[in-house]
Protein chains: 2
Amino acid sequence: MNASQRFGGRSPRWSRRGFLTGALAAATAVRARGTGPADVAGPAPGGVSVLVFDVFGTVVDWRSGLIAEAGRIGRARGIAVDGPALADAWAKSYQPAMDRVRSGELPWTKLEGLLRSVAGDLLVRFGLGDLSVKEKEDFVHAWRRLPPWPDAVEGLTRLRRRRVIAPLSNANVALLTHMARAAGLPWDCILSAELVRRYKPAPEVYRMVPEMFDVKPSEVMMVAAHEGGFCCGRRGRW
Amino acid sequence: MNASQRFGGRSPRWSRRGFLTGALAAATAVRARGTGPADVAGPAPGGVSVLVFDVFGTVVDWRSGLIAEAGRIGRARGIAVDGPALADAWAKSYQPAMDRVRSGELPWTKLEGLLRSVAGDLLVRFGLGDLSVKEKEDFVHAWRRLPPWPDAVEGLTRLRRRRVIAPLSNANVALLTHMARAAGLPWDCILSAELVRRYKPAPEVYRMVPEMFDVKPSEVMMVAAHEGGFCCGRRGRW
């Protein structure tokens, strides 16, 4: 299931195929004009001036990326690593850690800290328990190297012409910044839950955007290829 | 006077002519390799992985930009506005406002709020007191449209190949983001005093960088074409 909506509004849906092109159609009621620097600075049509994006699953293909990384590390050590199982286990295991931060049981910890905290057990479980500290850190940084969906860079580039575009992810700033460099994502700035030290769906994360850009919440559109990011939006909590 | 230094280190100096090329020479002891996406993701030579920049004066020419904006607004109203005097007065007048935030006399206010707070008197003083609210806001946004120095975009693009580059400015995130769009500045992310709600030279602003990127302070280099930004550095306070 897919969704994209204004802050506080309802969710139209698209398939992930051509997802960012769909977001473009939704955000832009006017015909596309030329490209170029002057165009980048132009006004935003359609009343939306800032587009913020969920990242894992919406912009990058975390599962294929982690499977590839697991394959690489396994081949280098002559081990057959079950990449899909490792990818799914990792994605699943940092969620409870994030919940512990959400509940206040753990103090604020940025996402790469949580990914690191669960990586040790995961590596043992998948036969990679003998990695060096440096290799483990490189493994954690696999998330910085996740590949963009095939339409992501082009779609974001088109969306960026007339609007500010930024991730609005639970991933920390460094992860998102290195990901943008590696994947060529043309973000205007990096917005992260880290900046307010609360994980989505805490309303502070969403509220940060209109406050920071001095725009009305209705001028901000959140784009995500899943429903999860919108529980606050659906509840109209910001 | 010009300066560029590692956090906590000493300041080599260059003239502003070719300033960012000078920063490149200082940060990179190895010969330049090819360009391209793979290169962007490559490792940082020379022990510096993150370069942060002062913006006003170092990357953009605030004075020429404000003079041009004053000229534009004056011509539109048939008034001879003293652009240089207006530019200097504005740049000077927001400093005491920033000091009031630094001292705690004013609560945290982002830079565009301070620029706005002094703009009213300034406009009256320079014969532009009859601007509409919308025109005044556009005038405040002149800072978002400041032109880059002629070598800035090329210099930053080269510096970005092997290092994360970001502003580290007292200007707020929205100002810096819109400035990057208008001027084509290829920042990897936008870092601002706003993120820690303290103005430079508060050490929290500088400390944010190594903390956020999980690197040692010695891996961060601050680049500025003036001495002012370094009072903390010279004191070794971070």
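Since this is a predicted model, take the numbers as computed values, not measurements. (Residues numbered from 1 in each chain as written. Chains lettered and ligands numbered in written order. Predicted model: local features only at pLDDT ≥ 70, side-chain atom pairs only at ≥ 80, totals over all residues. Heavy atoms only, no water.)

**Describing the packing of aromatic side chains**
According to the stated counting rule, one finds twelve aromatic pairs over all chains in the structure shown. Ring geometry for Phe53(B) versus Trp187(B): centroids 5.5 Å apart, planes at 50°, classification tilted. Placement of Phe53(B) in strand β2 (residues 50-53) and of Trp187(B) in the loop between α8 (173-183) and β4 (191-192) is noted, with a sequence separation of 134 residues between them. Comparing Phe53(B) with Trp187(B) shows no difference in burial state: the two are buried. Pairing Phe56(B) with Trp143(B) gives two aromatic rings, centres 5.1 Å apart and planes at 70°, and the pair type is edge-to-face. Within this pair, whereas Phe56(B) is found in the loop between β2 and α3 (62-77), its partner Trp143(B) is found in the loop between α6 (133-140) and α7 (152-160), the two being separated by 87 residues in sequence. Exposure class is identical for Phe56(B) and Trp143(B). Each is buried. Each member of the aromatic cluster is reached from another via a ring pair, and the members are Phe56(A), Trp90(A), Tyr94(A), Phe139(A) and Trp143(A). (Phe/Tyr/Trp six-rings, centres within 6.5 Å; stacked < 30°, edge-to-face > 60°. Helix = DSSP H or I, 4+ residues; strand = E, 2+ residues; numbered from the N terminus. Buried < 20%, exposed > 50% of the residue type's maximum accessible area, 1.4 Å probe, protein only.)

**Looking at the pairing of strand β3 (residues 164-169) of chain B**
Residue and element names in this part refer to chain B. For β3, a buried count of six out of six residues is recorded, marking the element as mostly surrounded by other parts of the structure. Of the two faces of β3, the one carrying Val164, Ala166 and Leu168 and the one carrying Ile165, Pro167 and Ser169 are both buried. As paired elements, β2 and β3 share four bridges and run parallel to each other. By the bridge assignment, Phe53 is partnered in β3 with Pro167. As paired strands, β3 and β4 are joined by two bridges and run parallel to one another. Paired with Leu168 across the two strands is Leu191, which belongs to β4. (Pairing = 2+ DSSP bridges.)

**Some points on the interface of chain A and chain B**
Listed per partner, the contact involves 25 residues of chain A and 25 residues of chain B. Summed over both partners, the interface of chain A with chain B comes to about 2,000 Å²; 54% of that surface belongs to carbon and sulfur atoms. A per-residue breakdown of the area chain A buries against chain B is headed by Arg181(A), Met212(A) and Phe213(A), which together make up 31% of the total. At the junction of chain A with chain B, the criterion picks out four salt bridges. In this structure, Asp214(B) engages Lys110(A) in a salt bridge whose closest nitrogen and oxygen atoms are separated by 3.7 Å. Counting every contact that joins chain A to chain B gives twelve residue pairs in polar contact (both at pLDDT 80 or more). Every element with two or more residues in the side of chain A that touches chain B is listed here: α5 (111-125), α8 (173-183) and α9 (203-213) of chain A. The element best represented in the side of chain A that touches chain B is α8(A), accounting for six residues. Its residues assigned to classes, the side of chain A that touches chain B shows eleven nonpolar, two polar and twelve charged. (Contact = heavy atoms within 4.5 Å. Buried area = accessible area lost by both parts, 1.4 Å probe. Salt bridge = Lys/Arg side-chain N within 4 Å of Asp/Glu carboxyl O. Polar contact = N/O pair within 3.5 Å; in protein donor to acceptor, adjacent residues only side chain to side chain. Nonpolar A, V, L, I, M, F, W, Y, C, P; charged D, E, K, R; others polar.)

**Side note on the relation of the copies chain A and chain B**
Laying chain A over chain B is done by rotating through 180° and shifting 0.0 Å along the axis; what remains is an RMSD of 0.0 Å. Overall, the copies show the geometry of a two-fold rotation axis. No C-alpha of chain A approaches the rotation axis more nearly than that of Cys189(A), which lies at 2.5 Å. (Least-squares fit on C-alpha atoms with pLDDT ≥ 70 in both.)

**Quick look at the side chain of Asn170(A)**
Residue and element names in this part refer to chain A. Relative to the assigned elements, Asn170 resides in the loop between β3 (164-169) and α8. The class of Asn170 is buried, set by a relative accessible area of 12%. Polar side-chain contacts of Asn170 include one of 2.7 Å to the backbone nitrogen of Lys200. Apart from residues lying up to four places away in sequence, Asn170 is in contact with Met98, Arg102, Leu111, Ala193, Tyr199 and Lys200.

**A look at unusual backbone geometry**
Working note: non-glycine residues mostly have negative phi, and peptide bonds are mostly trans. With omega at 10°, the peptide bond leading from Lys200(A) into Pro201(A) counts as cis. On the secondary structure map, Pro201(A) appears in the loop between β4 (191-192) and α9. If you check the backbone angles, Arg197(B) has positive phi at about 55° while not being a glycine. Mapping Arg197(B) onto the fold places it in the loop between β4 and α9 (203-213).

**Examining the nonpolar core**
Generally speaking, a soluble globular protein has its nonpolar side chains buried in company with each other. Judged by nonpolar contacts, the single largest core of 147 residues is most densely connected at Phe56(A), Trp90(A), Phe213(A), Phe56(B), Trp90(B) and Phe213(B). When residues of this core are assigned to their parent elements, the largest contribution, nine residues, is made by helix α4 (residues 83-102) of chain A. If near-sequence neighbours (up to four positions away) are discounted, Phe213(A) is found in contact with Val50(A), Val164(A), Cys189(A), Leu191(A), Lys110(B), Val173(B), Ala174(B), Thr177(B) and His178(B). (Core = buried A, V, L, I, M, F, W, Y, C linked by side-chain atoms within 4.5 Å.)

**Comments concerning the confidence of the model for chain A**
All names here are of chain A. In the predicted model, chain A carries a mean pLDDT of 84, and 76% of its residues have values of at least 70. Note on residues 8-15: pLDDT under 50 across the span, and 22 contacts to partners over four residues away in sequence or across chains. Scored below 50 in pLDDT, residues 29-38 makes eight contacts in the model with residues more than four places away or belonging to other chains. (pLDDT = per-residue confidence, 0-100.)

**Topic: α4(A)**
All names here are of chain A. Between its first and last C-alpha, α4 extends 29 Å over 20 residues, near the 28 Å set by a 1.5 Å rise per residue. All buried positions along α4 are accounted for by Gly83, Leu86, Ala87, Ala89, Trp90, Ala91, Tyr94, Ala97, Met98 and Val101. Tucked inside the fold, the buried residues of α4 contact α3 (62-77), α5 and α6 (133-140). (Expected span 1.5 Å × (residues − 1).)

**What about the environment of Leu122(A)?**
Assignment of secondary structure puts Leu122(A) in helix α5. Separated by 35 residues in sequence, Leu122(A) and Ala87(A) have C-alpha atoms that sit 9.9 Å apart.

**Structural notes on the pattern of salt bridges**
Taken as a whole, this structure holds 32 salt bridges over all chains when the rule is applied. Close ionic contact of Asp88(B) with Arg63(B) constitutes a salt bridge, the shortest N to O distance being 2.7 Å. One end of the pair, Asp88(B), is in helix α4 (residues 83-103); the other, Arg63(B), is in helix α3, with 25 residues separating them in the sequence. Salt bridges sharing common partners tie together Glu69(A), Arg72(A), Asp138(A) and Arg145(A).

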